[in-house]
Amino acid sequence: MLKNAFYLFSHLRYAAVGAAILFALPAFAQMTITGTSEAGRRLFYSPAISANGLSCAHCHADFDEETYDDGLIRAGHSLFNAYYRTTWWGKDPEAPDAYATIDEAAVVCVLHYMRNKDKLTAQQQLDIRAYLKAISQRALRTPLALAPAADHTGEYKGFEGGNRLSGKDLFYAACHSCHPNGNAGIAPKPLARNREPAYYARVVREGDGLGSVLSGIDPNAYSFKDGRFSPFFGADRLSDAQLRDIIAYIKSLPPPSRAN
Ligand code: HEC
Ligand code: HEC
(Lines give C-alpha, C1' and ligand atoms only; values in the text may rest on other atoms or scores of the structure.)
(Ligands and ions follow the chains in the order given, each with its own letter.)
Protein backbone atom coordinates (compact mmCIF):
# COMPACT_ATOMS: atom_id res chain seq x y z
CA MET A 1 0.00 0.00 0.00
CA LEU A 2 2.65 2.41 1.09
CA LYS A 3 4.78 1.23 -1.78
CA ASN A 4 1.95 1.86 -4.27
CA ALA A 5 1.38 5.32 -2.96
CA PHE A 6 5.05 6.00 -3.41
CA TYR A 7 4.91 4.77 -7.00
CA LEU A 8 1.90 6.89 -7.72
CA PHE A 9 3.59 9.91 -6.25
CA SER A 10 6.79 9.44 -8.16
CA HIS A 11 4.88 8.95 -11.40
CA LEU A 12 2.94 12.09 -10.79
CA ARG A 13 6.16 13.87 -10.24
CA TYR A 14 7.56 12.71 -13.56
CA ALA A 15 4.32 13.65 -15.26
CA ALA A 16 4.56 17.10 -13.77
CA VAL A 17 8.12 17.54 -14.93
CA GLY A 18 7.14 16.26 -18.37
CA ALA A 19 4.23 18.65 -18.60
CA ALA A 20 6.44 21.52 -17.52
CA ILE A 21 8.91 20.70 -20.27
CA LEU A 22 6.15 20.35 -22.85
CA PHE A 23 4.64 23.69 -21.91
CA ALA A 24 7.98 25.42 -21.80
CA LEU A 25 9.14 24.01 -25.12
CA PRO A 26 7.12 26.19 -27.52
CA ALA A 27 8.03 29.33 -25.61
CA PHE A 28 11.67 28.32 -25.54
CA ALA A 29 11.72 27.43 -29.23
CA GLN A 30 10.13 30.75 -30.10
CA MET A 31 12.59 32.59 -27.93
CA THR A 32 15.63 31.07 -29.55
CA ILE A 33 14.42 31.16 -33.13
CA THR A 34 13.06 34.63 -33.74
CA GLY A 35 14.09 38.18 -33.08
CA THR A 36 11.96 41.16 -34.00
CA SER A 37 13.17 44.34 -35.58
CA GLU A 38 10.87 46.41 -33.32
CA ALA A 39 12.55 45.03 -30.22
CA GLY A 40 15.93 45.45 -31.93
CA ARG A 41 15.21 49.10 -32.71
CA ARG A 42 14.35 49.76 -29.07
CA LEU A 43 17.63 48.15 -28.01
CA PHE A 44 19.53 50.25 -30.56
CA TYR A 45 18.29 53.42 -28.87
CA SER A 46 18.41 52.10 -25.31
CA PRO A 47 21.09 53.12 -22.81
CA ALA A 48 19.74 50.31 -20.60
CA ILE A 49 21.99 47.73 -22.27
CA SER A 50 25.07 49.71 -21.23
CA ALA A 51 26.66 50.39 -17.86
CA ASN A 52 27.49 54.03 -18.69
CA GLY A 53 24.49 55.62 -20.37
CA LEU A 54 25.61 54.91 -23.93
CA SER A 55 23.31 53.49 -26.58
CA CYS A 56 24.31 52.27 -30.04
CA ALA A 57 22.78 55.50 -31.37
CA HIS A 58 25.45 57.60 -29.63
CA CYS A 59 28.05 56.22 -32.02
CA HIS A 60 26.20 54.84 -35.05
CA ALA A 61 23.46 56.17 -37.29
CA ASP A 62 20.82 53.71 -38.50
CA PHE A 63 20.13 55.57 -41.76
CA ASP A 64 22.08 56.71 -44.79
CA GLU A 65 24.12 59.63 -43.45
CA GLU A 66 24.97 60.83 -46.94
CA THR A 67 21.34 61.26 -47.93
CA TYR A 68 19.98 62.45 -44.56
CA ASP A 69 22.71 64.47 -42.89
CA ASP A 70 21.42 65.26 -39.39
CA GLY A 71 24.49 67.34 -38.58
CA LEU A 72 25.93 64.92 -36.04
CA ILE A 73 29.38 63.38 -36.38
CA ARG A 74 29.42 59.92 -34.82
CA ALA A 75 32.58 57.95 -34.04
CA GLY A 76 31.28 54.80 -35.73
CA HIS A 77 29.92 54.43 -39.23
CA SER A 78 26.25 54.12 -39.98
CA LEU A 79 24.90 50.58 -39.69
CA PHE A 80 22.55 51.24 -42.59
CA ASN A 81 23.23 48.54 -45.22
CA ALA A 82 25.83 46.90 -42.95
CA TYR A 83 24.04 43.59 -42.36
CA TYR A 84 25.29 41.74 -45.44
CA ARG A 85 28.97 42.70 -45.12
CA THR A 86 31.19 39.66 -45.57
CA THR A 87 33.21 40.65 -42.52
CA TRP A 88 33.31 43.18 -39.67
CA TRP A 89 36.07 44.97 -37.78
CA GLY A 90 38.35 44.36 -40.75
CA LYS A 91 38.71 40.64 -39.94
CA ASP A 92 39.46 38.13 -42.66
CA PRO A 93 36.10 36.33 -43.15
CA GLU A 94 37.96 33.00 -43.27
CA ALA A 95 39.87 33.63 -40.02
CA PRO A 96 38.79 31.48 -37.09
CA ASP A 97 38.12 34.54 -34.92
CA ALA A 98 36.00 36.31 -37.56
CA TYR A 99 32.44 37.19 -36.55
CA ALA A 100 29.77 34.98 -38.10
CA THR A 101 26.99 37.55 -37.85
CA ILE A 102 26.67 41.30 -37.42
CA ASP A 103 25.27 41.00 -33.90
CA GLU A 104 28.39 39.11 -32.83
CA ALA A 105 30.42 42.01 -34.21
CA ALA A 106 28.19 44.39 -32.24
CA VAL A 107 28.87 42.58 -28.96
CA VAL A 108 32.42 43.98 -29.19
CA CYS A 109 30.88 47.43 -28.73
CA VAL A 110 28.60 46.26 -25.92
CA LEU A 111 31.59 44.96 -24.02
CA HIS A 112 34.21 47.60 -24.92
CA TYR A 113 32.26 50.76 -25.21
CA MET A 114 29.04 50.12 -23.32
CA ARG A 115 30.98 48.40 -20.54
CA ASN A 116 28.36 45.68 -20.17
CA LYS A 117 30.36 42.63 -19.15
CA ASP A 118 27.23 40.46 -19.30
CA LYS A 119 27.11 41.34 -23.01
CA LEU A 120 23.70 40.63 -24.57
CA THR A 121 21.26 37.78 -24.05
CA ALA A 122 20.69 35.43 -26.99
CA GLN A 123 17.28 37.03 -27.46
CA GLN A 124 18.71 40.57 -27.50
CA GLN A 125 21.31 39.54 -30.06
CA LEU A 126 18.60 38.13 -32.31
CA ASP A 127 16.52 41.28 -31.94
CA ILE A 128 19.47 43.51 -32.83
CA ARG A 129 20.28 41.24 -35.75
CA ALA A 130 16.68 41.50 -37.00
CA TYR A 131 16.80 45.31 -36.76
CA LEU A 132 20.13 45.62 -38.54
CA LYS A 133 18.78 43.35 -41.26
CA ALA A 134 15.63 45.46 -41.56
CA ILE A 135 17.68 48.64 -42.17
CA SER A 136 19.86 46.96 -44.81
CA GLN A 137 17.91 47.34 -47.99
CA ARG A 138 20.62 46.29 -50.36
CA ALA A 139 22.80 43.21 -50.01
CA LEU A 140 26.08 45.16 -50.07
CA ARG A 141 28.83 42.66 -49.33
CA THR A 142 31.78 45.07 -49.30
CA PRO A 143 33.44 45.08 -45.89
CA LEU A 144 33.91 48.40 -44.12
CA ALA A 145 37.44 49.73 -44.57
CA LEU A 146 38.47 50.85 -41.09
CA ALA A 147 40.39 54.13 -41.08
CA PRO A 148 41.85 54.44 -37.60
CA ALA A 149 44.31 57.30 -37.72
CA ALA A 150 46.65 57.00 -34.76
CA ASP A 151 49.98 58.71 -35.45
CA HIS A 152 52.73 56.09 -35.63
CA THR A 153 55.33 58.63 -34.53
CA GLY A 154 53.23 59.37 -31.44
CA GLU A 155 53.92 63.08 -31.91
CA TYR A 156 50.60 64.27 -33.35
CA LYS A 157 52.14 67.34 -34.96
CA GLY A 158 50.16 69.98 -36.81
CA PHE A 159 47.13 70.31 -34.55
CA GLU A 160 47.95 73.88 -33.51
CA GLY A 161 46.29 77.03 -34.79
CA GLY A 162 42.76 75.76 -35.47
CA ASN A 163 39.70 77.97 -35.85
CA ARG A 164 37.72 77.91 -32.63
CA LEU A 165 34.56 79.29 -34.26
CA SER A 166 34.10 76.40 -36.67
CA GLY A 167 35.47 74.21 -33.88
CA LYS A 168 32.46 75.09 -31.77
CA ASP A 169 29.98 73.68 -34.28
CA LEU A 170 32.13 70.60 -34.78
CA PHE A 171 32.41 70.09 -31.03
CA TYR A 172 28.62 70.10 -30.66
CA ALA A 173 28.32 67.69 -33.56
CA ALA A 174 30.96 65.20 -32.40
CA CYS A 175 31.81 65.57 -28.71
CA HIS A 176 28.99 67.27 -26.84
CA SER A 177 26.92 64.08 -26.41
CA CYS A 178 29.53 62.70 -23.99
CA HIS A 179 31.27 65.94 -22.92
CA PRO A 180 28.36 68.38 -22.53
CA ASN A 181 29.85 71.88 -22.98
CA GLY A 182 33.19 70.37 -22.03
CA ASN A 183 31.86 69.36 -18.61
CA ALA A 184 31.44 65.89 -17.16
CA GLY A 185 28.53 63.92 -18.60
CA ILE A 186 28.71 60.41 -19.94
CA ALA A 187 32.47 60.98 -19.81
CA PRO A 188 33.23 61.02 -16.11
CA LYS A 189 35.39 64.16 -15.91
CA PRO A 190 35.36 67.64 -17.44
CA LEU A 191 37.74 68.11 -20.38
CA ALA A 192 41.12 69.60 -19.63
CA ARG A 193 41.46 73.07 -21.25
CA ASN A 194 45.18 73.67 -21.02
CA ARG A 195 46.91 70.69 -22.59
CA GLU A 196 49.04 70.68 -25.74
CA PRO A 197 47.09 70.14 -28.99
CA ALA A 198 48.89 66.81 -29.48
CA TYR A 199 47.33 65.53 -26.26
CA TYR A 200 43.76 66.04 -27.54
CA ALA A 201 44.58 64.66 -30.96
CA ARG A 202 45.89 61.44 -29.45
CA VAL A 203 42.79 60.87 -27.30
CA VAL A 204 40.46 61.38 -30.27
CA ARG A 205 42.47 59.16 -32.64
CA GLU A 206 43.22 56.38 -30.14
CA GLY A 207 40.19 56.54 -27.83
CA ASP A 208 40.27 53.98 -25.06
CA GLY A 209 43.17 52.27 -26.84
CA LEU A 210 41.20 50.45 -29.52
CA GLY A 211 42.20 53.05 -32.12
CA SER A 212 45.81 52.32 -31.34
CA VAL A 213 45.27 48.55 -31.57
CA LEU A 214 43.48 48.85 -34.91
CA SER A 215 46.13 51.24 -36.25
CA GLY A 216 48.66 48.50 -35.60
CA ILE A 217 50.69 50.51 -33.10
CA ASP A 218 50.20 48.56 -29.90
CA PRO A 219 48.19 45.31 -29.70
CA ASN A 220 47.90 45.73 -25.92
CA ALA A 221 46.75 49.34 -25.85
CA TYR A 222 43.24 48.38 -24.77
CA SER A 223 42.48 46.71 -21.46
CA PHE A 224 38.95 46.09 -20.19
CA LYS A 225 40.19 46.46 -16.62
CA ASP A 226 41.12 50.11 -17.14
CA GLY A 227 37.42 50.84 -17.34
CA ARG A 228 37.87 53.31 -20.21
CA PHE A 229 35.43 53.62 -23.07
CA SER A 230 36.15 56.67 -25.16
CA PRO A 231 35.65 55.83 -28.86
CA PHE A 232 38.28 56.61 -31.49
CA PHE A 233 37.32 58.79 -34.45
CA GLY A 234 38.89 57.47 -37.66
CA ALA A 235 40.14 59.74 -40.42
CA ASP A 236 36.94 59.20 -42.43
CA ARG A 237 34.77 60.26 -39.49
CA LEU A 238 36.70 63.40 -38.52
CA SER A 239 39.45 64.97 -40.63
CA ASP A 240 42.69 66.38 -39.22
CA ALA A 241 41.49 69.88 -40.13
CA GLN A 242 38.21 69.38 -38.26
CA LEU A 243 40.04 67.99 -35.26
CA ARG A 244 42.41 70.96 -35.25
CA ASP A 245 39.44 73.35 -35.04
CA ILE A 246 37.79 71.33 -32.26
CA ILE A 247 41.00 71.48 -30.26
CA ALA A 248 41.14 75.28 -30.61
CA TYR A 249 37.57 75.44 -29.33
CA ILE A 250 38.22 73.20 -26.29
CA LYS A 251 41.22 75.32 -25.36
CA SER A 252 39.07 78.45 -25.52
CA LEU A 253 36.39 77.08 -23.17
CA PRO A 254 35.89 78.68 -19.75
CA PRO A 255 36.98 76.54 -16.80
CA PRO A 256 34.66 73.60 -16.01
CA SER A 257 31.43 74.64 -14.31
CA ARG A 258 31.37 74.46 -10.53
CA ALA A 259 28.86 71.62 -10.50
CA ASN A 260 31.56 69.36 -11.93
C1 HEC B 1 31.15 54.55 -27.96
C2 HEC B 1 30.82 54.35 -29.35
C3 HEC B 1 30.14 53.06 -29.80
C4 HEC B 1 29.02 52.47 -29.28
C5 HEC B 1 28.20 52.89 -28.08
C6 HEC B 1 28.72 51.36 -30.15
N7 HEC B 1 29.65 51.28 -31.15
FE8 HEC B 1 29.70 49.92 -32.65
N9 HEC B 1 31.51 50.67 -33.27
C10 HEC B 1 32.10 51.82 -32.80
C11 HEC B 1 33.31 52.08 -33.54
C12 HEC B 1 34.25 53.26 -33.35
C13 HEC B 1 33.44 51.02 -34.48
C14 HEC B 1 34.58 50.81 -35.49
C15 HEC B 1 34.09 50.76 -36.89
C16 HEC B 1 33.41 52.00 -37.37
O17 HEC B 1 34.08 53.01 -37.51
O18 HEC B 1 32.19 51.96 -37.61
C19 HEC B 1 32.27 50.16 -34.27
C20 HEC B 1 32.00 49.00 -35.01
C21 HEC B 1 30.79 48.33 -34.99
C22 HEC B 1 30.44 47.25 -35.89
C23 HEC B 1 31.32 46.67 -36.96
C24 HEC B 1 31.17 47.47 -38.22
C25 HEC B 1 31.93 46.86 -39.39
O26 HEC B 1 31.34 46.73 -40.47
O27 HEC B 1 33.11 46.52 -39.25
C28 HEC B 1 29.15 46.89 -35.61
C29 HEC B 1 28.32 45.83 -36.30
C30 HEC B 1 28.71 47.72 -34.51
N31 HEC B 1 29.73 48.58 -34.17
C32 HEC B 1 27.44 47.68 -33.96
C33 HEC B 1 27.09 48.35 -32.78
C34 HEC B 1 25.82 48.15 -32.08
C35 HEC B 1 24.67 47.31 -32.58
C36 HEC B 1 25.89 48.90 -30.95
C37 HEC B 1 24.89 48.93 -29.81
C38 HEC B 1 24.59 47.65 -29.21
C39 HEC B 1 27.18 49.60 -30.96
N40 HEC B 1 27.87 49.23 -32.08
C41 HEC B 1 27.62 50.50 -30.00
C42 HEC B 1 31.63 52.61 -31.78
C43 HEC B 1 30.54 52.31 -30.97
C1 HEC C 1 30.73 58.23 -26.85
C2 HEC C 1 31.25 59.12 -25.84
C3 HEC C 1 32.36 60.06 -26.22
C4 HEC C 1 32.44 60.88 -27.31
C5 HEC C 1 31.46 61.05 -28.45
C6 HEC C 1 33.66 61.65 -27.14
N7 HEC C 1 34.30 61.28 -26.00
FE8 HEC C 1 36.00 62.08 -25.24
N9 HEC C 1 35.96 60.77 -23.69
C10 HEC C 1 34.97 59.88 -23.44
C11 HEC C 1 35.28 59.16 -22.22
C12 HEC C 1 34.44 58.08 -21.60
C13 HEC C 1 36.51 59.66 -21.75
C14 HEC C 1 37.29 59.25 -20.49
C15 HEC C 1 38.44 58.34 -20.86
C16 HEC C 1 37.97 56.97 -21.30
O17 HEC C 1 37.02 56.43 -20.70
O18 HEC C 1 38.57 56.41 -22.23
C19 HEC C 1 36.91 60.67 -22.70
C20 HEC C 1 38.07 61.39 -22.59
C21 HEC C 1 38.45 62.41 -23.42
C22 HEC C 1 39.65 63.19 -23.25
C23 HEC C 1 40.71 63.00 -22.17
C24 HEC C 1 40.24 63.55 -20.85
C25 HEC C 1 40.62 64.99 -20.58
O26 HEC C 1 40.01 65.62 -19.74
O27 HEC C 1 41.56 65.52 -21.17
C28 HEC C 1 39.67 64.10 -24.26
C29 HEC C 1 40.71 65.17 -24.52
C30 HEC C 1 38.47 63.87 -25.08
N31 HEC C 1 37.75 62.84 -24.54
C32 HEC C 1 38.13 64.60 -26.18
C33 HEC C 1 37.03 64.32 -27.00
C34 HEC C 1 36.73 65.05 -28.19
C35 HEC C 1 37.54 66.22 -28.73
C36 HEC C 1 35.61 64.48 -28.74
C37 HEC C 1 34.91 64.83 -30.03
C38 HEC C 1 35.72 64.77 -31.22
C39 HEC C 1 35.21 63.40 -27.84
N40 HEC C 1 36.09 63.34 -26.81
C41 HEC C 1 34.09 62.60 -28.05
C42 HEC C 1 33.84 59.67 -24.20
C43 HEC C 1 33.54 60.31 -25.40
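Higher on the page you've got the structure.
In what follows, the accompanying structure is described. (Residues numbered from 1 in each chain as written. Chains lettered and ligands numbered in written order. Predicted model: local features only at pLDDT ≥ 70, side-chain atom pairs only at ≥ 80, totals over all residues.)

Turning our attention to helix α2 (residues 37-44). When we look at burial in α2, the residues that qualify are Gly40, Leu43 and Phe44. Angularly, the buried residues of α2 cover 100 degrees about the axis, an arc narrow enough to put them on a single face. Where α2 is buried, its residues contact α3 (56-59) and α5 (122-134). (Buried ≥ 20, exposed ≤ 12 C-beta atoms within 10 Å, placed from the backbone. Helix = DSSP H or I, 4+ residues; strand = E, 2+ residues; numbered from the N terminus. Arc of directions from axis to C-beta. Contact = placed C-beta atoms within 7 Å.)

Let us now look at the site of ligand 2. Near ligand 2 there are 25 residues, and of these Cys175, Cys178, Ala187, Arg228 and Ser230 occur at the shortest range. For the shell around ligand 2, the elements supplying multiple residues, two or more each, are α3 and α7 (197-206). Among the elements that line the shell around ligand 2, the one with the most residues is α7, at three residues. A per-class count over the shell around ligand 2 returns 18 nonpolar, four polar and three charged. (Near = placed C-beta within 6 Å. Nonpolar A, V, L, I, M, F, W, Y, C, P; charged D, E, K, R; others polar.)

Within the secondary structure layout, Ser55 lies in the loop between α2 and α3. Here Ser55 falls in the partly exposed class, since 17 other C-beta atoms lie within 10 Å of it. Each C-alpha atom of the pair Ser55 and Val110 lies 9.0 Å from the other, and the pair is 55 residues apart in sequence. Leaving out residues up to four positions away in the same chain, Ser55 has contacts with Phe44, Tyr45, Ser46, Pro47 and Ser50.

The subject of this paragraph is the nonpolar core. Counting residues in each nonpolar core, the largest one holds 46 residues, and the members touching the most others are Ile246 and Ile247. Where this core is concerned, the elements lending two or more residues are α2, α3, α4 (102-112), α5, α6 (164-174), α7, α8 (210-214) and α9 (240-252). No other element matches α9, which puts six residues into this core. For this core, the two domains that each supply at least three residues are domain 2 (37-134) and domain 3 (164-252). Every residue in contact with Ile246, bar those within four places of it in the chain, is listed here: Gly167, Leu170, Phe171, Ala174 and Cys175. (Core = buried A, V, L, I, M, F, W, Y, C linked by C-beta atoms within 7 Å. Domains from an automatic or database assignment.)

This part covers the packing of α4 against α5. The relative placement of two packed helices is expressed as an angle between their axes plus a distance between the axes. Contact pair α4 / α5: the axes reach a minimum separation of 9 Å and the direction vectors enclose 115 degrees. One element, α4, and the other, α5, form an angle in the roughly perpendicular class. The interaxial crossing formed by α4 with α5 has right-handed handedness. Judged by residue contacts, Ile102, Asp103 and Ala106 of α4 engage Gln125, Ile128, Arg129 and Leu132 from α5. (Axes fitted to C-alpha atoms, helices over the stretch in contact; angles between N-to-C directions. Parallel < 35°, antiparallel > 145°, perpendicular 65-115°, else oblique. Left-handed = near helix turned anticlockwise from the far one by under 90°.)

In this section: the site of ligand 1. Among the 26 residues in the neighbourhood of ligand 1, the closest are listed as Cys56, Cys59, Gly76, Ala106 and Cys109. When residues of the shell around ligand 1 are assigned to their parent elements, the largest contribution, five residues, is made by α4. Here the shell around ligand 1 is built from residues that sort into 20 nonpolar, five polar and one charged. Each of two domains, domain 2 (37-134) and domain 3 (164-252), supplies a minimum of three residues to the shell around ligand 1.

Below, the discussion takes up the packing of α6 against α9. Put simply, α6 and α9 touch, their axes get as near as 7 Å, and they point 95 degrees apart. Our classification of the angle between α6 and α9 gives roughly perpendicular. When α6 is examined against α9, the residues Arg164, Ser166, Gly167, Lys168, Leu170, Phe171 and Ala174 are found in contact with a partner set consisting of Gln242, Asp245, Ile246, Ala248, Tyr249, Ile250 and Ser252.

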